[in-house]
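# Coordinate analysis (summary)
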Amino acid sequence: MGKRHLYEIDLMRAFIMLAVLSVHTTSFFLSMSKHMANTDLSPTFLTIGALLTSLHFTRESFMFITGLVLFITYYRRPFRTIEFWKKRFFLIAVPYIVWTLSYIVFKGLNQPTNDYWAPATLWHDVLHSLMTGNQYYLYYVLLTMQLYLVFPIMLQCLRKLERYHLHILLASFVLQLLLMAACKFVLPHVHYAKLPTVMANADRYRSEIFLTYQFWFVAGGILACHYDNVCAFIKRHSRLVLIALCCAVPIVWAHYLFDRLILHEVESISEAVLQPIMVPYSLLVTARLWYTGMRWSVRRLEARWQPFSRFVQLAANTSFGIFLIQPFPIVYMEKAIHHLDHAGIPTWLHYSLWPFCILFVYFTGMFFAHWLSKIPYLAYLVGRKHQPSMHKSTFA
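All figures in this text were calculated on a predicted structure; none of them were measured in a lab.

### Quick notes on the overall build of the chain
Per the secondary structure count, the chain includes 18 helices and zero strands. Over its C-alpha atoms the chain spans a radius of gyration of 21 Å, differing by no more than 12% from the 21 Å that the globule rule assigns to 396 residues. Expressed as lengths along the three principal axes of its C-alpha atoms, the size of the chain is roughly 60 × 60 × 50 Å. The 396 residues of the chain split such that 50% are buried. Counting contacts in the chain only where the partners sit at least 6 residues apart, residues at least 24 apart contribute 81% of the total. Separation of charge centres in the chain, based on 34 positive and 18 negative side chains, amounts to 13 Å.

Laid out in structure tokens, this is it:
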């Protein structure tokens, strides 16, 4: 069976990446709002916090399509584990190592400390960063490598247990809710020192561990196994999904405000990605984005859709590169806003720049990712081979 390209995933990848950058840029404006009001309970701060919380589907959606694309590629084709690892790890490990080192140098040049460049300190920083993915947003690349490591086992299990896919999906969903409940209600109140070393490390780095997000990889994989049937189901119930999502967004906002104003939770817990409500919410957003992508995929070659289709293709092809490049425009965006702040610009002008900052980060990353993808060997830094392919991306 030939490899199947899912054009609907291109649209998902393009706009989920825009949402990712919206989250990271909005986080800066959230901290700026707290600084201006000298409180994290001001109406502006709470409004931005609620909006930010409703954008926290991005991590889960990307993991979903990562599992989906892997399984749709290999589920019904011959599979050789060593060849898979050699191909996948090379394409993703090279960018991971190079960008880790680049970020460390970038931080040293922008936020130097007295001992930052000391060989012992630098070596420790490099090793720790490579082990934990703690440089900016590289945790996701580390998670993807963990998926590649366990993928052969997942593939064999889903092949052998095909008649039990629904049971596996439901069990995975329940497990995900329990894990998120632990992250929300238990682990924040447990000090690392009170746990055994292995559990302490699992707690400290839970955002970088495959198990924390297992449902999204499993769900994407099972969807791939029954793709056409699930497509038909979503198309039949698309209106219901839309209604559910329209109800879910204000529920997420209300949940955030309830946590902040009634339960008096700190901001980091109230708007966290790892909490139970984000599981069904992210699933609804992902399903709707998927349906939107399916509708576009059947119209993408029509003349009136050609400009938009070319944009989607470019944005999807550069999505991994945008993700890797984003720290640089975000840092310079923050510096520009701080400079304007010191110049005494009015508060309303700060927030009017918000959408422009998001677009600046998005299109700057897209420009440089596209440029790098055209250069032999340097193309590997954004997850591409020597020349950009219109239908391939390492990021899923």
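### Examining the side chain of Arg288
For Arg288, the position within the fold is in helix α13 (residues 278–297). The side chain of Arg288 sits in the buried core without any salt bridge; Glu8 is the nearest counter-charge, 14 Å away. Residues within four places of Arg288 in sequence aside, it is in contact with Ser238, Val241, Leu242 and Leu245.

### Quick notes on the nonpolar core
Within the largest apolar cluster, 107 residues are counted, with the highest numbers of intra-cluster contacts made by Trp99, Val141 and Trp290. By residue number, the principal contributor to this core is helix α1 (residues 7–37), which donates 13 residues. Look past the residues within four positions of Val141 in its chain and what remains in contact with it is Ile92, Tyr96, Phe320, Phe323 and Leu324.

### Some thoughts on the side chain of Ser129
In this structure, Ser129 sits in helix α5 (residues 119–132). At 3.1 Å, the side chain of Ser129 forms a polar contact with the side chain of Asn134. Beyond its immediate chain neighbours, meaning those up to four positions away, Ser129 contacts Tyr96, Thr100, Ile104, Asn134 and Gln135.

### What about α5?
For α5, spanning 14 residues, the distance from its first C-alpha to its last is 20 Å, which sits close to the expected 20 Å at 1.5 Å a residue. Here α5 has its buried residues at Asp125, Val126, Ser129 and Thr132. All buried residues of α5 project into a common sector of 155 degrees when viewed along the axis, lining one side. Exposed residues lying more than 90 degrees from the buried face of α5 are Pro119, Ala120, Trp123, His124 and Met131.

### A word on the packing of aromatic side chains
For the coordinates displayed, the defined rule picks out 32 aromatic pairs. Aromatic side chains Phe84 and Tyr148 sit 5.8 Å apart centroid to centroid with 85 degrees between the ring planes, which places their arrangement in the edge-to-face category. With Phe84 in helix α4 (residues 81–110) and Tyr148 in helix α6 (residues 139–160), the pair connects residues that are 64 residues apart, well separated along the chain. Its relative accessible area of 2% is what places Phe84 among the buried residues. Under the relative-accessibility criterion, Tyr148 is labelled buried at 0%. With a centroid separation of 5.1 Å and an interplanar angle of 75 degrees, the aromatic rings of Tyr103 and Tyr136 are classed as edge-to-face. On the criterion of sequence distance, the pair formed by Tyr103 in helix α4 and Tyr136 in the loop between α5 and α6 is long-range, its members being 33 residues apart. Here Tyr103 falls in the buried class, since its relative accessible area comes to 1%. Note on Tyr136: relative accessible area 25%, which makes it partly exposed.

### Re the environment of Leu169
You can see Leu169 is positioned in helix α7 (residues 165–186). Leu169 gets classed as partly exposed once you look at its relative accessible area, which sits at 25%. In this view, Leu169 contacts Phe215, Ala219 and Ile222; residues no more than four positions away in its chain are not counted.

### Some details on the pattern of salt bridges
It is possible for side chains of opposite charge to pair when their charged atoms get near one another. In the structure shown here, the tally under the stated rule is six salt bridges. Notably, a salt bridge pairs Arg260 with Glu267, separated by 2.9 Å at the nearest N-O pair. Assessed through its relative accessible area of 4%, Arg260 is described here as buried. We note a salt bridge from Arg304 to Glu302, for which the minimum N-O separation is 3.6 Å. Linked through salt bridges whose partners overlap, the residues forming this network are Lys184, Asp259 and Glu265.

### What about the confidence of the model for the chain?
Low pLDDT means the predicted atomic positions in that stretch should not be read closely. Here the chain averages 89 in pLDDT, and 95% of its residues register 70 or above. Low confidence marks residues 388–392, where pLDDT is under 50. Its contacts with residues over four positions away, or in another chain, come to twelve contacts.

### Some details on a nonpolar patch on the surface
Together, Leu41, Leu257, Phe258, Leu261, Ile262 and Leu263 make up an exposed nonpolar region whose accessible area comes to about 530 Å². With respect to the helices and strands, Leu263 occurs in the loop between α11 (238–261) and α12 (267–270). A relative accessible area of 46% means that Leu263 is categorised as partly exposed.

Rules used in this analysis
- Within each chain, residue numbers correspond to sequence positions counted from 1 in written order.
- Totals for whole chains, interfaces and linings use all residues, but because this is a predicted model, local features are given only for residues with pLDDT of at least 70 and pairs of side-chain atoms are given and counted only at 80 or more.
- Calculated side-chain values reflect all of the structure's heavy atoms, with hydrogen atoms and water omitted.
- Put simply, DSSP marks the helices as runs of H or I at least four residues long and the strands as runs of E at least two long, and each gets a number from the N terminus on.
- Radius of gyration here uses only the C-alpha atoms, and the compact-globule reference equals 2.2 Å multiplied by the residue count raised to the power 0.38.
- Throughout this description, buried means an accessible area under 20% of the type-specific maximum (1.4 Å probe, protein chains only), exposed means over 50%, and partly exposed covers the range between.
- In what follows, a contact means two residues having at least one pair of non-hydrogen atoms within 4.5 Å.
- Asp and Glu count as negative and Lys and Arg as positive, but His and the ends of the chain are not part of the count.
- Lys charges are placed at NZ, Arg charges at CZ, Asp charges at CG and Glu charges at CD.
- Should a side-chain nitrogen of Lys or Arg be within 4 Å of a carboxyl oxygen of Asp or Glu, the pair is scored as a salt bridge.
- Here the nonpolar core consists of buried residues drawn from Ala, Val, Leu, Ile, Met, Phe, Trp, Tyr and Cys, with membership extended through side-chain atoms lying within 4.5 Å.
- Whenever two N or O atoms come within 3.5 Å, that pair is a polar contact, provided that in protein one can donate a hydrogen and the other can accept it, and provided that, for residues adjacent in sequence, both atoms are side-chain atoms.
- Multiplying 1.5 Å by the residue count of a helix minus one yields the expected span of that helix.
- This arc describes the spread of directions from the helix axis toward the C-beta atoms.
- Only centres within 6.5 Å qualify two rings of Phe, Tyr or Trp (six-membered ring in Trp) as a pair; their planes then separate them into stacked at under 30 degrees, edge-to-face at over 60, and tilted for everything else.
- pLDDT measures how confident the predictor is about each residue, on a scale from 0 to 100.
- Patches here: salt-bridge-free residues with over 30% relative accessible area, like charges joined within 9 Å, nonpolar side chains (Val, Leu, Ile, Met, Phe, Trp, Tyr) joined within 5 Å.
- All accessible areas in this document rest on Shrake-Rupley with a 1.4 Å probe, and a residue is counted as covered only by the protein chains that are shown.

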